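One-letter residues, chain by chain:
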Amino acid sequence: MKVAKDLVAASATPMVLGILAEGESYGYAILRRINELSGGELDWTEGLLYPLLHRLERLGYSESSWQSVAGERRRKYYRITDKGLAELAEQRRQWDTVTDALKEIWLGLGDRRPLTAIPLGCRA
Amino acid sequence: MTAREGQEELEAQFEQWRRYVLRRRELQPSDVDELEDHLRGSVDELIAAGLSPDEAFLVAVKRMGSLDELSREFAREHSERLWKQLVLTGDPDSPAADTHSRRDMWAMVLCGAGAAVSIKVPELFGLRLADDGAFYARNFALFALPWLAVFLAWRRQARRPLIGTLVALFGLGAVAANAYPLAEESKSLVLTSIHLPIALWLVVGLAYVADDWRSSRRRMDFIRFTGEWFIYFVLIALGGGVLLLFLFHTFTAIGIIPQEFISQWLLPCGAVAGAVVAGWLVEAKQSVVENIAPVLTRLFTPLFTAALLAFLVAVGWTSHGINVEREALILFDLLLVVVLGLLLYSISARDPLAPTGLFDKLQLALVVSALAIDVLVLLAITGRITDEYGTTPNRAAALGENVILLANLAYSAWLLLRFIRRRTPFAALERWQTGYLPVYAVWAWIVVLLFPPLFSYV
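Fair warning: this is a prediction, and the values are worked out from it, not measured in the lab.

Rules of the game
- Here the residue index of a chain counts from 1 through its sequence in written order.
- The order in which chains are written sets their letters, starting at A; the order in which ligands are written sets their numbers, starting at 1.
- Thresholds applied to this predicted model are a pLDDT of at least 70 for local features of residues and 80 or more for the giving and counting of side-chain atom pairs; totals over whole chains, interfaces and linings are not thresholded and use all residues.
- Values of pLDDT, the confidence the predictor places in each residue, fall between 0 and 100.
- UniProt positions are given in the numbering used here, feature names are shortened, and annotations may be inferred rather than shown by experiment.
- Secondary structure elements follow DSSP: runs of H or I no shorter than four residues count as helices, runs of E no shorter than two count as strands, and numbering proceeds from the N terminus.
- By definition here, a helix of n residues has an expected span of 1.5 Å times n minus one.
- Think of it as a crowd count around each C-beta: if 20 or more other C-beta atoms lie within 10 Å the residue is buried, if 12 or fewer it is exposed, and in between it is partly exposed, with C-beta placed from the backbone throughout.
- Contact between two residues is assigned whenever their backbone-derived C-beta positions fall within 7 Å.
- Residue polarity follows a fixed list, in which Ala, Val, Leu, Ile, Met, Phe, Trp, Tyr, Cys and Pro are nonpolar, Asp, Glu, Lys and Arg are charged, and the others, Gly among them, are polar.
- Should DSSP find at least two bridges between two strands, the strands are taken to pair.
- Axis geometry follows a simple rule: fit a line to the C-alpha atoms, using only the stretch in contact for helices, then measure angles between N-to-C directions, giving values from 0 to 180 degrees.
- Definition of nonpolar core: a set of buried Ala, Val, Leu, Ile, Met, Phe, Trp, Tyr and Cys residues joined via C-beta atoms within 7 Å.
- For the purposes of this description, domain bounds are those given by an automatic or database domain assignment.
- An arc is given here, and it is the one of the directions from the helix axis to the C-beta atoms.

Colleague: Where do I start with the confidence of the model for chain B in this structure?
Modeller: As a note on interpretation, predicted positions should not be read in detail where pLDDT is low. Confidence in the prediction for chain B averages 86 pLDDT; 91% of positions are at 70 or higher. Confidence metrics for the complex model read pTM 0.72 and ipTM 0.78.

Written out as structure tokens, the structure is:
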């Protein structure tokens, strides 16, 4: 299963802000982290990640600087700002609303008939 | 292959990839650095998983996906990059280019200031712009173009012989403009005022092509430079006009009328300095901004072709002869100049290896119809020029120019036809045009130097 493109795009901002809230990071590590978190199901491309990182920076949600950490290459590190944290909280509230509502519906459905296994014969 | 060799090869591949990606203008060097770091992260991981360096590189590049898609995504966030900005004070990402363009700018400021000062120098000798219009009319190119040539020669680090030639030619121009006893209202004065700038512009061309003035490609570059310079100069003049308007009206509003300042100082100094600034702009932007002259050519070639064909049809239909007024020849000279310009600037932008297309045929139609019109004019005028009006310098110059342009366009038409029929390569047409440049120079110098004595200074 791959997550649909629209959904990936919609969840991209809170995802990146959330990862940056864990600590400063750089592009490749962020992509790795997303892969790890979703068990490889979220199909992120560089074309999605880097322009998004630049947009977050332009909007003031993050700051960036070129640094070289001991023993590593020089990299562009991104850090979340206070404004970014506020945005993350707001996005989180919205996503909670959406997921809560979805859960409510799916739990309701699950009470009556399990979604996963509907034998074909029943529908006929 | 040792591990070190593998590493070197990998670095070479990264370098190649960088150069390839940097060609996209949506991606700036800092983005490419970031993406390169990403690619390196990917490659390291793949090598750690057991792949060989070049396998890892291939897989990592493949994973990054198509460059088109990547650039499209970057363009959505950075749409301003698609509007290529002309950074006049250099590229912040590359300090070497930065100091270079700063030096250029200072040289331009010096040359521009020199031009602005030089046009006011004659005033020290009592030659006022308001009273000695004739002096300034025949000399104005001498206050602007030498400075532009200095700037170009400095930029190309011209060698001594070239500098000597430039000085000699500008000196010759100064002598030609001022040594002959031409009366205020003489016809030769007008001719000198028109032809000296053309002659001197081609001297600027010598400074532009610098060391290899024989090279057809460099001469073509000068033709491109001329077109862009002209457009930039017109734009600067428009901006200057707006400035003058505001200056005049705002000061008039508080009771100070700055007419004297504007007409005696701002306008002449601004015009000559503007010529230098325009030259500097074209040099600075050369590879950054698309040339506009060829675009205008594309727009106007079909329109001019239609207009000329309509004119020919009208002449044939009504069988009206062309009414040859005294000024008619000059009008048709200008028509040929426009047609030649349209031809030149589409040649300048054309890929010489591209196959023939509809546009080439359109161009042939344009040139042939201009030639047909000109032949009609010449037929109408033959005989009358000597019998009825007598030979004056104006008519001789106009006729000479007509012959020069006619010869150029006739042979161009022939070459175009052969090109469309795939007999000759396009480069032949390019070489013909660039080879013809000295003809204009020689003619302009003839008019400036020989016409006044030939026509006994009338």
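Back to the write-up after that little detour.
Colleague: Help me out: how do you make sense of the UniProt feature "domain: Transcription regulator PadR N-terminal" (unreviewed entry) in chain A in this one?
Modeller: Following the UniProt record, one finds the feature "domain: Transcription regulator PadR N-terminal" (unreviewed entry) at residues 16–90 of chain A. End C-alpha atoms of residues 16–90 of chain A are separated by 14 Å, and the span's content is 52% helix alongside 21% strand.

Colleague: Would you mind showing me how to read helix 3 (residues 46–58) of chain A here?
Modeller: Given 3.6 residues per turn, any residue in an α-helix points the same way as the ones three and four places further on. All names here are of chain A. In this model helix 3 runs 18 Å from its N-terminal to its C-terminal C-alpha over 13 residues, within 8% of the 18 Å that 1.5 Å per residue would give. When helix 3 is considered as a whole, its buried residues turn out to be Glu46, Gly47, Leu49, Tyr50, Pro51, Leu53 and Leu56. Residue glycine 60 follows helix 3 closely and has a positive phi angle near 85°.

Colleague: How do you make sense of the interface of chain B and chain A when you look at a structure like this?
Modeller: In many reports, interface size means the accessible area that the parts give up when they come together. Counting residues at the interface gives 16 residues for chain B and 13 residues for chain A. Residue assignment for the side of chain B that touches chain A shows that the elements contributing at least two residues are helix 2 (29–48) and helix 4 (67–77) of chain B. Per element, the largest residue contribution to the side of chain B that touches chain A is seven residues, and it comes from helix 2 of chain B. Partitioned by chemical class, the residues of the side of chain B that touches chain A number four nonpolar, four polar and eight charged.

Colleague: I would appreciate a short explanation of the pairing of strand 3 (residues 74–80) of chain A in the present structure.
Modeller: Within a regular strand, side chains alternate between the sheet's two faces. Residues and elements named next belong to chain A. Across two bridges, the pairing between strand 1 (residues 25–26) and strand 3 is antiparallel. Its bridge partner being in strand 3, tyrosine 26 is matched across the sheet by tyrosine 77. Where strand 2 (residues 62–68) and strand 3 come together, seven bridges link them in antiparallel fashion. Of the residues in strand 3, the one forming a bridge with glutamine 67 is arginine 75.

Colleague: When you look at the sheet that holds strand 3 of chain A in this model, what are you seeing that I'm missing?
Modeller: Whether parallel or antiparallel, the strands of a sheet pair through hydrogen bonds between backbone atoms. Residue and element names in this part refer to chain A. Taken together, the three strands give an open sheet; going across it, the order is 1-3-2, and neighbouring strands pair in antiparallel fashion. Looking at the sheet topology across the chains shown, the edges are occupied by strand 1 and strand 2. Across the face of the sheet, helix 1 (residues 5–21) comes into contact with strand 1, strand 2 and strand 3 while running at roughly 100° to strand 3.

Colleague: Would you mind going over the nonpolar core with me for this structure?
Modeller: Across soluble globular proteins, you tend to see nonpolar side chains buried next to one another. Among the nonpolar cores identified, the biggest contains 80 residues, and Ala115, Ala144, Leu148, Ala149, Val204 and Val276 of chain B are the most heavily contacted of them. With twelve residues, helix 7 (residues 133–155) of chain B is the single largest residue contributor to this core. Counting contributing residues, this core receives three or more from each of domain 2 (95–285) and domain 3 (293–425) of chain B. Each residue touching valine 204 of chain B, except ones within four places of it in the same chain, is listed here: Leu145, Leu148, Ala149 and Leu152 of chain B. Counting 23 residues, the second largest nonpolar core, distinct from the first, contains Met15, Tyr26, Tyr50 and Leu56 of chain A.

Colleague: Help me understand helix 2 (residues 27–37) of chain A, please; the structure alone is not making it clear to me.
Modeller: Turning to helix 2 of chain A, its buried residues are Gly27, Tyr28, Ile30, Leu31 and Ile34 of chain A. Summarising the axial view, the buried residues of helix 2 of chain A lie within an arc of 165°, below the 170-degree limit, and thus occupy one face.

Colleague: Looking at this structure, how should I read the domain arrangement of chain B?
Modeller: All names here are of chain B. With domains assigned, chain B is organised as domain 1 (3–82), domain 2 (95–285) and domain 3 (293–425). Spacing between the C-alpha centres of domain 2 and domain 3 amounts to 30 Å. On the side of domain 3, eight residues touch domain 2, which itself brings nine residues to the contact. Sorting the residues of the side of domain 2 that touches domain 3 by element identifies helix 9 (187–209) and helix 10 (216–253) as the ones contributing at least two each. For the side of domain 2 that touches domain 3, the class distribution of residues is four nonpolar, two polar and three charged.

Colleague: Can you walk me through the environment of proline 294 of chain B in this structure?
Modeller: Residues and elements named next belong to chain B. Within the secondary structure layout, proline 294 lies in helix 12 (residues 293–318). With 19 C-beta atoms packed within 10 Å, proline 294 lands in the partly exposed category. Separated by 51 residues in sequence, proline 294 and tyrosine 345 place their C-alpha atoms 5.1 Å apart. Beyond its immediate chain neighbours, meaning those up to four positions away, proline 294 contacts Tyr345, Ser346, Ser348 and Ala349.

Colleague: Help me out: how do you make sense of unusual backbone geometry in this one?
Modeller: Of all residues except glycine, most have a negative phi; of all peptide bonds, most are trans. All names here are of chain B. Phi is positive for glutamine 157, which is not a glycine, with a value near 50°. We note that arginine 422 has phi near 60°; this positive angle belongs to a residue other than glycine. Summarising the element assignment, arginine 422 is placed in the loop between helix 16 (393–420) and helix 17 (427–449).

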